[in-house]
Amino acid sequence: METNISQREHAEFRGMRYLIQYPAENSQSGKSPAILFLHGAGSRGTDFSKIENNLFFQLADLSEFLVFAPQCRENSWADRMQDLSAFAKEIAIRPDMDETRFYAMGYSMGGYATWQIAISNPDLFAAIVPICGGGMYWDAAQLEHTPVWAFHGAKDETVFPEESRKMVDAVNRFGGNAKLTVYPDCAHDSWSDTYRNPEVFQWLLSQRKDLNLGE
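Presented here is a report on the structure given in the accompanying data block. Because the structure is predicted, anything quoted here is derived from the model rather than measured.

## Digging into the overall build of the chain
Right, on to step 1. Across its full length, the chain holds 8 helices and 9 strands.
Right, on to step 2. Taken over the C-alpha trace, the chain has a radius of gyration of 16 Å; the compact-globule value for 215 residues is 17 Å, and the two agree within 12%.
Right, on to step 3. Contacts in the chain between residues far apart in sequence, at least 24 positions, make up 71% of those at least 6 positions apart.
Right, on to step 4. With an accessible surface of roughly 9,700 Å², the chain has 46% of that area assigned to carbon and sulfur atoms.

This is how it looks when you write it as C-alpha cells:
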C-alpha cells in the first residue's frame, strides 16, 4: 500500500493504480456492499488527484459502500478490459466485501466500460449503473440476470442518448431487467444529477445477486 489517509487507501493491480474508500461504519457481519467505479476520459492518465477529487466522491452518499476506483492510463478502458475484469474478480473475494452486493458504476468512457465488464462477467455483479455510455447491444443477453439502471442526458451530443436506449431495450428484449432515466435538459454531464440522487444508491443496496438468480 502506498498511503493510508483516513478512510482511504491507494494500491496497484497489474500496474493499474486504484483508490479504496471504506464505508463510514463497518457492518455487523464485517462485510460491506461494494462499488467498482469507472471514470470517464477526462480522468485517465497518471494524475491520481483526478480520481481522489472526482465528483463521484464529492456528490454521492457512499457512506455504506466499499468503493474501488481504478485509473485508466491507456486510451480507453477497452485497452485494459482483461486486467479490469481480473481486478473486479479479485475485489469480489475480499473478506470485507459482500459478494452478493457487488455493483459497477461509471460515466462516459466509464459508462461504456460498465456495460462491457458486466457483459464479460455476467455472474459477477448484482446490478450496474452505466451513465451516458453504450455498448454491444447484440451481447445484451449476458445481462439477463443483472439489473440495470442507466442514465443519459437528452441533449448529449458527445454520446447520443440512443446509445443507452439501444442497450436498455436489448437487455429487456432478452428477458432482463433494465430501465433508463433521461434528463430532458441535460447534455453530457448526466453524472452529477445521478450522483446526487439518493434513490440510485438505495436501489443498488436493494439488489442482491442471490435474489436476482432466484436462489
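On we go from here.
## Brief notes about the packing of helix α3 (residues 81-92) against helix α4 (residues 109-120)
Right, on to step 1. At their nearest, the axes of α3 and α4 sit 10 Å apart, and the two run at 65 degrees to each other. When the axis of α3 is compared with that of α4, the two are roughly perpendicular. In this structure, α3 meets α4 at a crossing whose hand is right-handed. Across the interface between the two elements, Met81, Leu84, Ser85 and Ala88 of α3 pack against Ala113, Gln116, Ile117 and Ser120 of α4.
Right, on to step 2. Across the contact of α3 with α4, the residue classes tally to 5 nonpolar, 3 polar and no charged.

## Brief notes about the packing of α4 against helix α5 (residues 162-173)
Right, on to step 1. Where α4 contacts α5, the two axes come as close as 12 Å, and the packing angle between them is 25 degrees. When the axis of α4 is compared with that of α5, the two are roughly parallel. Considering only the axes of α4 and α5, their crossing is left-handed. Contacts from Tyr112, Trp115 and Ile119 in α4 reach Glu163, Met167, Val168 and Val171 in α5.

## Thoughts on the pattern of salt bridges
Right, on to step 1. Here the structure, examined in full by the defined rule, presents 8 salt bridges.
Right, on to step 2. Across the pair Arg14 and Asp83 runs a salt bridge, and its minimum N-O distance is 2.9 Å. Of the two residues, Arg14 is situated in the loop between β2 (8-13) and β3 (16-21) and Asp83 in helix α3; the sequence distance between them amounts to 69 residues.
Right, on to step 3. Here Arg80 ties to Glu74 by a salt bridge, and the two come within 3.8 Å at their closest N and O atoms.
Right, on to step 4. For Glu74, a relative accessible area of 30% corresponds to the partly exposed category.

## Quick word on unusual backbone geometry
Note: most residues except glycine have negative phi, and most peptide bonds are trans.
Right, on to step 1. Although it is not a glycine, Arg14 adopts a positive phi angle of roughly 50 degrees.
Right, on to step 2. With phi around 40 degrees, Cys132 is a residue other than glycine that occupies positive phi space.
Right, on to step 3. Mapped onto the secondary structure, Cys132 falls in the loop between β7 (127-131) and β8 (148-153).
Right, on to step 4. A relative accessible area of 0% places Cys132 in the buried class.

## Some points on the packing of aromatic side chains
Right, on to step 1. On inspection of all chains with the given rule, the structure shows 17 aromatic pairs.
Right, on to step 2. With a centroid separation of 6.1 Å and 65 degrees between ring planes, the pair formed by Phe65 and Phe201 is classed as edge-to-face. Residue Phe65 is located in the loop between α2 (55-59) and β5 (66-70), and its partner Phe201 is located in helix α7 (residues 198-206); the two are separated by 136 residues in the primary sequence.
Right, on to step 3. Given the relative accessible area of 1%, Phe65 is considered buried.
Right, on to step 4. Taking 4.7 Å as the distance between ring centres and 40 degrees as the angle between the ring planes, the aromatic pair formed by Tyr107 and Trp191 counts as tilted. Here Trp191 lies in helix α6 (residues 191-196) and Tyr107 lies in strand β6 (residues 97-107), a separation of 84 residues in the sequence.
Right, on to step 5. With a relative accessible area of 15%, Trp191 lands in the buried category.
Right, on to step 6. Grouped by ring-pair contacts, the aromatic residues Phe37, Phe56, Phe57, Phe65, Tyr103, Tyr107, Trp191, Tyr195 and Phe201 constitute a single cluster.
Right, on to step 7. Over the ring of Phe57 we find Arg8, and its NZ or CZ is 4.7 Å from the ring centre.
Right, on to step 8. One residue, Arg173, lies across the ring of Phe174, its end atom 6.0 Å from the ring centre.

Conventions and cut-offs
Here, residues in each chain are numbered from 1, in the same order as that chain's written sequence. Local features are withheld for residues below a pLDDT of 70 in this predicted model, meaning they are given only at 70 or higher, and side-chain atom pairs are given and counted only at 80 or more; totals for whole chains, interfaces and linings count all residues. Hydrogens and water are ignored here; the side-chain numbers use all heavy atoms of the structure. Every helix listed is a DSSP run of H or I at least four residues long, and every strand listed is a run of E at least two residues long, numbered separately from the N terminus. We compute the radius of gyration from the C-alpha atoms alone; for a globule the expected value is 2.2 Å times N to the 0.38, where N is the number of residues. We call two residues in contact whenever any of their non-hydrogen atoms come within 4.5 Å of each other. All accessibility values rest on the Shrake-Rupley procedure with a 1.4 Å probe; residue burial counts only the protein chains present in the view. Between the N-to-C directions of two axes lies an angle of 0 to 180 degrees, each axis being a line fitted to C-alpha atoms and, for a helix, fitted only over the stretch in contact. Roughly parallel here means an angle under 35 degrees, roughly antiparallel means over 145, roughly perpendicular means 65 to 115, and every remaining angle is called oblique. Crossing handedness is read from the near helix: turned anticlockwise from the far helix by less than a right angle, it gives a left-handed crossing, and turned clockwise, a right-handed one. Residues are grouped as follows: Ala, Val, Leu, Ile, Met, Phe, Trp, Tyr, Cys and Pro are nonpolar; Asp, Glu, Lys and Arg are charged; all remaining types, including Gly, are polar. What counts as a salt bridge is simple: a side-chain nitrogen of Lys or Arg found within 4 Å of a carboxyl oxygen of Asp or Glu. Only protein chains enter the calculation, and the probe is 1.4 Å; a residue is then buried if its accessible area is under 20% of its type maximum, exposed if over 50%, and partly exposed in between. Here the aromatic set is Phe, Tyr and Trp, taking the six-membered ring for Trp, and pairing holds for ring centres within 6.5 Å; pairs whose planes are under 30 degrees apart are stacked, those over 60 apart are edge-to-face, and all others are tilted. Either the NZ atom of lysine or the CZ atom of arginine qualifies as a charge over a ring when it sits within 6 Å of the ring centre and within 35 degrees of the ring normal.

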